[in-house]
Amino acid sequence: MQRILAIAGLTWKAALRFRLFLVLAALLLAAVVGLPILIKDDGTAQGFTQILLTYTLSAITGLLGLSTLWLACGTLARDIEECQIQIVATKPVARWQIWLGKWLGIMSLNAALLVLSGASIYGLLEWRAARLPAAVQTKLRDEVLVARGAAREQSWDKEIEAETQRQLEEWGKKNPNPISAADLLELKHRIREQLKAELTIVPPTGNRYWQIDLSAVKDQVKDHPLQLRVKFNSAQNIYASGTYIMYWQVGDPNSPQVWRSEPMSLAADTFHEFEVPANLLDDKGMLHILLYNPNNTALLFSLDEGLEVLYHEGSFGLNYIRGLGIIFCWMALLAALGLAAASFLSFPVAAFFSLAVLTVGLSTGTMTNVVTTGSITGTYGTPEEQGNPMVNAVAVTLCKGLLAVINLAKDFSPIDALSTGRSITWVQLGRAVAQIIGLMGGLLALAGISLFYRRELAAAQGTQ
């Protein structure tokens, strides 16, 4: 361990010698101080805080991510190319200790910078919140500067898939003539989307009923008000931005504990949050929600984000620390990626390779589209429009594998959670450490160390 720490100390000295640490610290503090001046918000304390958290944490993540890749590629590749690693390798230090020492040095730099910038953001938020009127401050700490759990209605995926298969079989009985695989895939997609649409539509002068299971937190939410977070579109124009009148009823209709709202005028295609009184759950811990649509057009509440129930789960400070912990896990993965690339490539090529891998990791939308449509073109249509079936099969399989790997790291969204007051649990942080650092980072470390052991350092000297 002493040898690993010695290599980590040399990494720190190199970063300080080249002013990297000081430059990054200045850039991060400039982002924290400058972004609040430049960004525009909706004029409310909640809106400003949400935007401040989103932009500052995104800027910090981007700056630290790029600098981590650059430093990880440069600190090892440059040492090899400039013949400095040969001097270290002659000492009683194993190559795996050099590799891990470099990684530990980079991560300790990241930890210091993340603590500095994270503490600055937190201090700025608390300072601005303390200057607000008491009523506004209370609302801010109930909606944004808080850790809230979320609950949705049960998933309809199994029912939709079963009904889709049943309708496909019925269609096959009525139409015995065979159709192409592409046409069958498109027909299945249309049936599935139609079933989803039937679950999302609230017809004019009609109702929509939700039943949310809160039995697991029944005692925790007792005597505490809840928040409903809703988002909808207009069926008349899915991009309509007008407002629509709604009536909400929350609580068991067979119980006297029922809350009914006044007429609410809500805008389409945006999130709305409003509070409902405490103690509206039934004996089983279920929350019954009924919406009445008095408008002359149907409203669409998506199954994914149409309605959520939010409840108080913890403090913002601890939630914020857990969010920074997940960002730190991302930096650990990028450091392992950069060092693995530098273990067998020169600095420019290692940097290019690492950025290419990062770009692929950020392209999950395209890969998801390929998997969904079953085509490299990402569209439904005739076999000619979809392309070669063998190429499509290979592309879909490759995209499925890449998505499975990438989602191990992308299956966490601490910035979105913090900006909307969502809870980041210790379980989520533990999963992030295990998946991002333990599994993905560990595999990259094994590959990088193995390649570093196989690399002939004298050959690098001969190319200078």
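Our structure is the block above this text.
Residue positions are given per chain, counted from 1 along the sequence in the order it is written. Restriction of local features to residues with pLDDT of at least 70 applies here, the model being predicted, together with a cutoff of 80 or more for giving and counting side-chain atom pairs; totals for whole chains, interfaces and linings are based on all residues. The basis for every side-chain value is the complete set of non-hydrogen atoms in the structure, without hydrogens or water.

### Here we look at the pairing of strand β6 (residues 243-250)
And then number 1: Two strands pair under a simple rule: DSSP has to find at least two bridges between them. In this text, helices come from DSSP runs of H or I with a minimum length of four residues, and strands from runs of E with a minimum of two, each type numbered from the N-terminal end. Bridge count between β6 and strand β8 (residues 264-267): four bridges; the pairing is antiparallel. Each residue of the ladder has a partner; that of Met 246, found in β8, is Met 264.
And then number 2: Relative to strand β10 (residues 286-293), β6 is paired through four bridges, and the arrangement is antiparallel. Of the residues in β10, the one forming a bridge with Val 250 is Ile 289.
And then number 3: Pairing of β6 with strand β7 (residues 259-260), which is carried by two bridges, proceeds in the antiparallel orientation. Paired with Gln 249 across the two strands is Arg 260, which belongs to β7.

### Quick word on the environment of Ala 30
And then number 1: If you trace the backbone, Ala 30 turns up in helix α2 (residues 20-38).
And then number 2: A 1.4 Å probe rolled over the protein chains alone gives each residue an accessible area, and that area as a share of the maximum for its type sets the label: buried under 20%, exposed over 50%, partly exposed in between. Residue class for Ala 30 comes out partly exposed when judged on its relative accessible area of 45%.

### With respect to the pattern of salt bridges
And then number 1: Within this document, salt bridges are pairs made up of a side-chain nitrogen of Lys or Arg and a carboxyl oxygen of Asp or Glu, the two lying within 4 Å of each other. For the structure on display, the rule yields 14 salt bridges.
And then number 2: The partner of Arg 229 in a salt bridge is Glu 273, with the nearest N and O atoms 3.0 Å apart. One end of the pair, Arg 229, is in strand β4 (residues 226-230); the other, Glu 273, is in strand β9 (residues 272-276), with 44 residues separating them in the sequence.
And then number 3: Put simply, Arg 148, Arg 152, Arg 229, Glu 273, Glu 308 and Arg 422 are held in one network by salt bridges that share partners.

### Overview of the packing of helix α5 (residues 95-130) against helix α9 (residues 316-342)
And then number 1: The convention used is that axes are lines fitted to C-alpha atoms, helices contributing only their stretch in contact, and that angles between N-to-C directions extend from 0 to 180 degrees. Where α5 meets α9, the closest approach of the two axes is 9 Å, and the angle between their N-to-C directions is 150 degrees. Regarding the angle of α5 to α9, the classification is roughly antiparallel. Note on packing geometry: the crossing formed by α5 with α9 is right-handed. Within the contact between the two elements, α5 uses Trp 99, Lys 102, Trp 103, Ile 106, Met 107, Asn 110, Ala 111, Leu 114, Gly 118, Ile 121, Tyr 122 and Leu 125 and α9 uses Phe 316, Gly 317, Tyr 320, Leu 324, Ile 327, Phe 328, Met 331, Ala 332, Ala 335, Ala 336, Leu 339 and Ala 340. For classification purposes, angles smaller than 35 degrees are called roughly parallel, those larger than 145 roughly antiparallel, those between 65 and 115 roughly perpendicular, and all remaining angles oblique. Crossing handedness follows the turn of the near helix against the far one: under a right angle anticlockwise gives a left-handed crossing, and clockwise gives a right-handed one. In what follows, a contact means two residues having at least one pair of non-hydrogen atoms within 4.5 Å.

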